[in-house]
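Now for the letters of each chain:
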Amino acid sequence: MLSVLDEPAFRQRVSRLSLKEYHQLGEYNENGKRTELIRGFVIEKMSKSPLHGTIASMLQELLIPRVPSGFFVRREEPLTLCDSEPEPDIGVVRGQRGEYLEAHPATAALVVEVAVSSPEADRALAEIYAEAGVEEYWIVLPLERLIECYRHPEGSRYREMRTYSQAEEIASDAIPGLRLALAELYAALP
């Protein structure tokens, strides 16, 4: 579909939405499917495999006790950015939950996406997260037992990208004291 959108004849007929217009649509599209707004386009959310769900749940369970006071963990909840409203698998946000009763956070200290079947789509989101000032972005690759870590946003890119293997431990630059041994995350995998 993206190749069709690259064609000028089609591209000029595509209607983009503002965040305000997107919020008026409600949680589901006309087919009853969940959506998110990416660069002004309403995108149907992908279904999640059992592996994806298990890894995201394990990450949440591992991160919650390790996140210090002044931060909290969100799971599949929106971030309201400039022209997008993605719902990352995990977001670690500064502050307290009560500060976000009227509006979603506009950035996060850490965003984590689990990529079982869509690593390229998750890599493309790095640009959006960098622009929003997300300090650190992890792409968890359970099939390869790796985590890609993007750090130090500058404009629409991250200045640093490092891949961590199952034998390593990742220490967050954005969240004091947050460390995760990949072997602990991937221990349940065959």
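It should be emphasised that the depicted structure is a prediction, and the values quoted were computed from it without experimental measurement. (Residues numbered from 1 in each chain as written. Predicted model: local features only at pLDDT ≥ 70, side-chain atom pairs only at ≥ 80, totals over all residues. Heavy atoms only, no water.)

## Focus on the sheet that holds strand β5 (residues 110–114)
Defined as follows: Strands are treated as partners if at least two bridges between them are detected by DSSP. Comment: elements are numbered from the N terminus, with helices defined as DSSP H or I runs of at least four residues and strands as E runs of at least two. Note on definitions: angles span 0 to 180 degrees between N-to-C directions of axes, and those axes are lines fitted to C-alpha atoms, for helices only across the stretch in contact. The contact criterion used throughout is that any non-hydrogen atoms of two residues lie within 4.5 Å.
Reading across from one edge, β3-β4-β5-β6-β7-β8 is the order of the six strands in this open sheet, with mixed pairing throughout. Both edges of this open sheet fall to β3 (71–75) and β8 (157–165), since each of them pairs with a single strand only. Within the sheet, the average angular offset between the axes of one strand and its neighbour, ignoring direction, is 15°. Pairing of strand β4 (residues 90–94) with β5, which is carried by three bridges, proceeds in the antiparallel orientation. Among the inter-strand pairings, G91 is bridged to a residue of β5, identified as V111. In the packing of helix α4 (residues 50–63) onto the sheet, the strands contacted are β3, β4, β5 and β6 (136–141), and the crossing angle to β3 comes to about 165°. Strand contacts of helix α5 (residues 119–131): β5, β6, β7 (146–154) and β8, with the helix running at about 175° to β6, the strand carrying the most contacts.

## Some thoughts on the pattern of salt bridges
Applicable threshold: Any Lys or Arg side-chain nitrogen found within 4 Å of a carboxyl oxygen on Asp or Glu counts as a salt bridge.
Summed over the entire model, instances satisfying the criterion amount to 18 salt bridges. One salt bridge in this structure joins E87 and K45, with 3.3 Å as the shortest N-O distance. Here E87 is found in the loop between β3 and β4, whereas its partner K45 is found in the loop between β2 (41–44) and α4, with 42 residues between them in sequence. Residue E184 is joined to R66 by a salt bridge in which the shortest nitrogen-to-oxygen separation is 2.8 Å. Of this pair, E184 sits in helix α6 (residues 182–186) while R66 sits in the loop between α4 and β3, and the two are 118 residues apart along the sequence.

## Thoughts on the pairing of β2
Bridge count for strand β1 (residues 35–38) against β2 is four bridges, and the pairing is antiparallel. Each bridged residue has a counterpart across the sheet, and for I38 the counterpart in β2 is F41.

## Comments concerning α5
What counts, and what does not: Only protein chains enter the accessibility calculation, which uses a 1.4 Å probe. A residue is then buried if its area is under 20% of the maximum for its type, exposed if over 50%, and partly exposed in between.
Listing the buried residues of α5 in full gives D122, L125, A126, I128, Y129 and A130. Residues of α5 that are buried make contact with β1, β5, β6, β7 and β8. Backbone geometry just downstream of α5 places G133 in the positive-phi region, at approximately 80°.

## Let's talk about the pairing of β4
β4 sits mainly inside the fold: four of its five residues count as buried. Where β3 lies against β4, five bridges are found, and the strand directions are antiparallel. Bridged to R75 within β4 is I90.

## Some words on the environment of E21
With respect to the helices and strands, the residue E21 is situated in helix α3 (residues 19–25). Judged by its relative accessible area of 38%, E21 is partly exposed. With 19 residues separating them in the primary sequence, E21 and G40 have C-alpha atoms 9.7 Å apart.

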